[in-house]
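Residues per chain are reported as follows:
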Amino acid sequence: MKKVVAKFGGSSVRDANALRDCVRVVKDTADLGVVVISATYNTTNELEELFSLLKKGEDESALWGALKERHRIMARDLCCEEAFENLITTLEAELIQIRENAELSYEHRDHLLSFGERISSQLFAWVLSKEQNLPYQVELLDATTVIKTDSTYGMAFPQEELILERVQLLKGRAQDNTLFVTQGFLGADSLGKRTTLGREGSDYTATLLAGAFDAKEVHIWTDVDGVYTADPHIIERARRLDTLSYREATLLAKAGAKVLFPKTLAPLKEKKIPLRVGKTKAPQEGGTWVGGDHACSKDLIGLTLKERSDGLIITLIGHGVESLDIEQSEIDRGECYRSFYHPAKDIQDVLNLWYERYFS
Ligand code: ADP
Ligand code: ASP
Ligand code: MG
C-alpha cells in the first residue's frame, strides 16, 4: 500500500504545545508512513552561531546552555526528560570532540548542525510513542542510514540510487503499521561523515524519501496554509494558490518563496507524487496542492523577493509576464518569469508597490 510522507517545519515543533498540534495532524492522517522533522524554531541559526564562536576560539557555553535549556523545558513538559538527558550527554561528548579540532571546516559545521534535528526528532518520536490508540508502531530512523549524499558539506547532493537501495531494505523489514520518524536536512557521505542538504532543506528530505518509497502523497506542514502569490506575512492581500504544477512551484521556490526549498519538487515529478502545503495549526483550512507538469497555465502567480548585499531581486512569475512593460533593470528572464534588480532595501514598501501595480 502506498503511504504518505509528512514533514513538520521548525515553527511547527517550536515548543511542547506546537508539538501536540503536530501529533493531532499525525492522528488525522490516513496511511502515514514517514514523518520528517526539522530542528525547532531558530535552532539551526543558533547552531551556526555556535559554530562561528568555536571557529573564533570564543566561549560558546552560554549559547549552548540556552539551547539546551529550551529543549529541556520541552522534554520536561512532554515527560521525557530522562531520555532527553541521555541524548544531551551524547551530543556534549560530540561537541567536545568538535571543539578539539585545530581547524574547523564545513565538515565539522555539518556535524554540529545535525544536533538540531537529532533533538527534535527524538522528542517527536518519544511523544508519538506515548500516544494512546495510535494505529502505528513508531520507529525513530537515523536519516544518515538512508539519505546518502556526496561530500559537499553544507549543500550535499543526494545519491538517489543509494537512497532507493536503503529504502528497499527498510520496506523489506517494516511492518505495515510502522511509522518512521526521521530527521530532515541530514545525510551522510560514503565515508559515513555527516552532511546537510542546504539550509531549509528538510522539505527535500521529505520528497527524496517519498520518491524512494513511491509514496502516495507528501504533506508539508508549516505556519501558513499554502503557497501564496507573495509572502503572506509581508503582503496581507496576497492570495492562496490552490493548485500549482511542479514547474510553477519550483519557479516560485527558486525565486524566493521560502515556503518550499528550491529542490523540493524534483524527486516527485517522475512518479507524479502530489505534494500538499498546509498549516499545522489549522489543517482544516485546506492548502495548496502541487502536481502536474504544465508550464504556466494561469495569469501572474507570484511576486517573490531575494535579498542581495546591494539591494533586492524581485521576480514576477506567471503567464504573460514577458509582455509586461516594466521600467526596471532586468537581470534575468526565462519561461514564465522575469527578475529585476531594485536598489532599495525596504522589502515591505517595495513589495507593496509592486503587488499593487501587478496584482490588483
Ligand atoms: P518551515 O519552518 O515550516 O519550513 P519556512 O519558514 O521555511 O517554514 O516557510 C514558511 C514561510 O514562508 C512563511 O511563514 C512565509 O512567511 C514564507 N513565505 C515566503 N513566500 C511565501 C509564499 N509565496 N507563500 C507562502 N509563504 C511564503
Ligand atoms: N533546520 C534546517 C534549517 O533551519 C532545515 C530546515 O528547517 O528545513 O535550515
Ligand atoms: Mg522551510
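Here goes a summary of the coordinates provided.

About the criteria used
Residues numbered from 1 in each chain as written. Chains lettered and ligands numbered in written order. Predicted model: local features only at pLDDT ≥ 70, side-chain atom pairs only at ≥ 80, totals over all residues. Heavy atoms only, no water. Helix = DSSP H or I, 4+ residues; strand = E, 2+ residues; numbered from the N terminus. Near = heavy atom within 4 Å. Polar contact = N/O pair within 3.5 Å; in protein donor to acceptor, adjacent residues only side chain to side chain. Areas by Shrake-Rupley, 256 points an atom, 1.4 Å probe, with all protein chains shown as cover. 1 Å grid on protein atoms, 1.4 Å probe; cavity = no way out; pocket = protein on both sides within 12 Å on 5 of 7 lines; lining within 4 Å. Sits in = over half its atoms within 2 Å of the grid points. Nonpolar A, V, L, I, M, F, W, Y, C, P; charged D, E, K, R; others polar. Phe/Tyr/Trp six-rings, centres within 6.5 Å; stacked < 30°, edge-to-face > 60°. Buried < 20%, exposed > 50% of the residue type's maximum accessible area, 1.4 Å probe, protein only. Core = buried A, V, L, I, M, F, W, Y, C linked by side-chain atoms within 4.5 Å. Contact = heavy atoms within 4.5 Å. Points joined across faces, edges and corners; volume = space filled by probe spheres on them.

## Thoughts on unusual backbone geometry
- Of note, the phi angle at Asp 31 is positive, near 60°, even though the residue is not glycine.
- Mapped onto the elements, Asp 31 comes out in the loop between helix H1 (16-27) and strand S2 (32-37).
- In this model, Cys 79 sits at a positive phi of 60°, which is unusual for a non-glycine residue.
- In this fold, Cys 79 is placed in the loop between helix H3 (61-77) and helix H4 (81-99).

## Considerations on the site of ligand 2
- Taken together, Ser 38, Ala 39, Thr 44, Glu 117, Phe 185, Arg 199, Glu 200, Gly 201 and Ser 202 form the complete shell of residues around ligand 2.
- Within the side chain of Arg 199, a nitrogen or oxygen atom sits 2.6 Å from an oxygen atom of ligand 2.
- Within the backbone of Glu 200, an N or O atom sits 2.7 Å from an oxygen atom of ligand 2.
- Within the complex, the protein chains bury 91% of what would otherwise be the 260 Å² of accessible surface of ligand 2.
- Because more than half of its atoms lie within 2 Å of the grid, ligand 2 is assigned to the largest pocket.

## Examining the site of ligand 1
- Surrounding ligand 1, one finds 18 residues, the nearest of these being Thr 222, Asp 223, Asp 231, His 233 and Lys 258.
- A distance of 2.8 Å separates an oxygen atom of ligand 1 from a polar atom in the side chain of Asp 223.
- In the environment of ligand 1, an oxygen atom lies 2.5 Å from a nitrogen or oxygen atom belonging to the side chain of Lys 258.
- Here ligand 1, which alone exposes 570 Å², has 89% of that area covered by the protein.
- With respect to the detected pockets, ligand 1 is housed in the largest pocket.
- The class makeup of the residues in the shell around ligand 1 is 7 nonpolar, 6 polar and 5 charged.

## Description of the packing of aromatic side chains
- Tallying each qualifying case throughout the model produces 7 aromatic pairs.
- Ring centres of Phe 180 and Phe 213 lie 6.4 Å apart, and the angle between their planes is 45°; on these two criteria the pair is classed as tilted. Here the residue Phe 180 occupies a position in strand S4 (residues 178-183), and Phe 213 occupies one in helix H7 (residues 202-213), the gap between them amounting to 33 residues. In this pair, the class of Phe 180 matches that of Phe 213, namely buried.
- For the ring pair Phe 340 and Trp 354, a centre distance of 5.5 Å and an interplane angle of 50° mean the geometry is tilted. Of the two residues, Phe 340 sits in strand S14 (residues 337-342) while Trp 354 sits in helix H10 (residues 347-359), which places them 14 residues apart along the sequence.
- Residue classification places Trp 354 among the buried positions, given a relative accessible area of 2%.

## Observations regarding the nonpolar core
- Core analysis: the biggest nonpolar cluster contains 49 residues, and Phe 8, Val 26, Val 35, Leu 112 and Phe 124 have the highest contact counts within it.
- With 10 residues, the single largest contributor to this core is helix H5 (residues 106-130).
- Excluding residues within four positions of it along the chain, Phe 8 makes contact with Val 13, Cys 22, Val 25, Val 26, Val 35, Val 36, Ile 37, Ser 38, Phe 124, Trp 221 and Thr 280.
- Of all hydrophobic cores here, the second largest spans 42 residues; its members include Leu 197, Ala 255, Leu 260 and Leu 265.

## Considerations on the layout of surface pockets
- For the largest pocket, the calculated volume is near 1,400 Å³.
- Glu 200, Asp 223, Ala 257, Lys 258 and Val 259 are the residues nearest the centre of the largest pocket, which is lined by 49 residues in total.
- Of the residues forming the lining of the largest pocket, the biggest block, 5 residues, is contributed by strand S11 (residues 300-308).

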